[in-house]
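Listed below are the residues making up each chain.
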Amino acid sequence: MATVIDGKAVAQSIRSEIAAEVRVLSEKYGKVPGLAVIIVGSKKDSQSYVGMKRKACAELGIKSFDHDLPEQVSEADLIKEVHQLNLNPDVHGILVQLPLPKHINEEKVLTEISLEKDVDGFHPLNIGKLAMKGRDPLFLPCTPKACLELLSRSGVSIKGKKAVVVGRSNIVGLPASLLLLKADATVTIVHSHTSQPESIIREADIVIAAAGQPMMIKGSWIKPGAAVIDVGTNAIDDPTKKSGYKLVGDVDFEEVSKVAGWITPVPGGVGPMTVTMLLKNTLDGAKRYIEKNN
Ligand SMILES: Nc1nc2c(c(=O)[nH]1)N[C@@H](CN(C=O)c1ccc(C(=O)N[C@@H](CCC(=O)O)C(=O)O)cc1)CN2
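Residues numbered from 1 in each chain as written. Predicted model: local features only at pLDDT ≥ 70, side-chain atom pairs only at ≥ 80, totals over all residues.

Caption draft 1: Molecular detail of the domain arrangement of the protein chain. Segmenting the protein chain into domains produces domain 1 (29–114) and domain 2 (142–271). Between the C-alpha centres of domain 1 and domain 2 there is a distance of 28 Å. (Domains from an automatic or database assignment.)

Shown next as structure tokens:
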């Protein structure tokens, strides 16, 4: 049976460390980290993720700057908001919750975030540096960073291992594969045009599943003893629940946990760590800024 990696517990212990560092900053400089969270529209899951981020900020003593914009906001007005936050010295991190409505060009907006405040690590220059040998971005994207942190804290080494990333999104799959490559893994990306993905996944010592397909990865696809990190958060019908649904990952937990060496659950695995890595990036951005300007 696989060791189940408790992302919630790891996240909680890192959050305590962050809170202690926030107190030190406040006592030493009279300043606290500031995070601007921009959300456009009222998409239910985005609202819920933003709510988690703001709540976590409040719990750790990080000041959150809340910007809730209507669904119809123009790209120009959104960019204006970003420019104002770039100039605000109390804001050390800016995040624009994704996805944005169809009429807004995400890449254009993300490019306008100051590199020093890009705590999501989605600015094309930060992603570019992630892809380059010998260069490091100022911030690593939160979910990929969460995946590697969970592997490291579980004692899973990456160097020289075969890693397969399932999915190639800009938010998770692509940066996760770059991060694994930087950590000296041999990396393969499996995506919707890959034929026979199961035979490729079966070779992997490390699997990061980020395809957005509920319970797609079965026990027979996994090499015995592999580390399986499940990034999927899919709501499926469950008439036994009061809500009528339950959350499942991209991995068939019941089957895969019988074969893998390590596995993350959904919920309670990568999700809470994603928010924690955002808080850590914000703290790091604030420390860099405050130490430079004092
Ligand atoms: N600007 C960004 N947008 C999005 C990101 C991101 O990192 N930056 N990632 C995802 C969503 N996301 C954060 O924004 C996120 C997803 C899931 C969780 C989480 O804690 N999930 C829980 C379950 C939550 C529930 O019960 O509904 C878990 O897995 O335990 C946190 C953050 C897309 N957009």
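Caption draft 2: Inspection of the UniProt feature "domain: Tetrahydrofolate dehydrogenase/cyclohydrolase NAD(P)-binding" (unreviewed entry) in the protein chain at higher detail. Under the present numbering, the feature "domain: Tetrahydrofolate dehydrogenase/cyclohydrolase NAD(P)-binding" (unreviewed entry) in UniProt falls on residues 141–288. Secondary structure over residues 141–288 splits into 34% helix and 19% strand, and the C-alpha atoms at its two ends are 18 Å apart. (UniProt positions renumbered as here; feature names shortened; annotations may be inferred. Helix = DSSP H or I, 4+ residues; strand = E, 2+ residues; numbered from the N terminus.)

Caption draft 3: Structural view of the site of the ligand. Not every one of the 20 residues close to the ligand is listed here, only the nearest: Tyr49, Leu98, Cys142, Pro267 and Gly271. For the shell around the ligand, the secondary-structure elements that each account for two or more residues are helix H2 (44–60), strand E4 (93–96), helix H6 (142–153) and helix H10 (270–292). Element by element, the count of residues in the shell around the ligand is highest for H10, at 4 residues. Across the shell around the ligand, the residue classes break down as 12 nonpolar, 7 polar and 1 charged. A domain-level breakdown of the shell around the ligand finds at least three residues from each of domain 1 (29–114) and domain 2 (142–271). (Near = placed C-beta within 6 Å. Nonpolar A, V, L, I, M, F, W, Y, C, P; charged D, E, K, R; others polar.)

Caption draft 4: Representation of the sheet that holds E4 in the model. Spatially, the 3 strands line up as an open sheet ordered E3-E2-E4, and their pairing is parallel. Looking at strand neighbours, the two that pair on one side only are strand E3 (63–69) and E4, the edges of this open sheet. The mean inter-strand angle of the sheet, taken between neighbouring strand axes irrespective of direction, is 15 degrees. Here strand E2 (residues 34–40) pairs with E4 via 4 bridges, running parallel. Residue Ala36 lies in a different strand from E4, and its bridge partner there is Ile94. Along the sheet face, H2 touches E2 and E3 and points at about 165 degrees away from the line of E2. (Pairing = 2+ DSSP bridges. Axes fitted to C-alpha atoms, helices over the stretch in contact; angles between N-to-C directions. Contact = placed C-beta atoms within 7 Å.)

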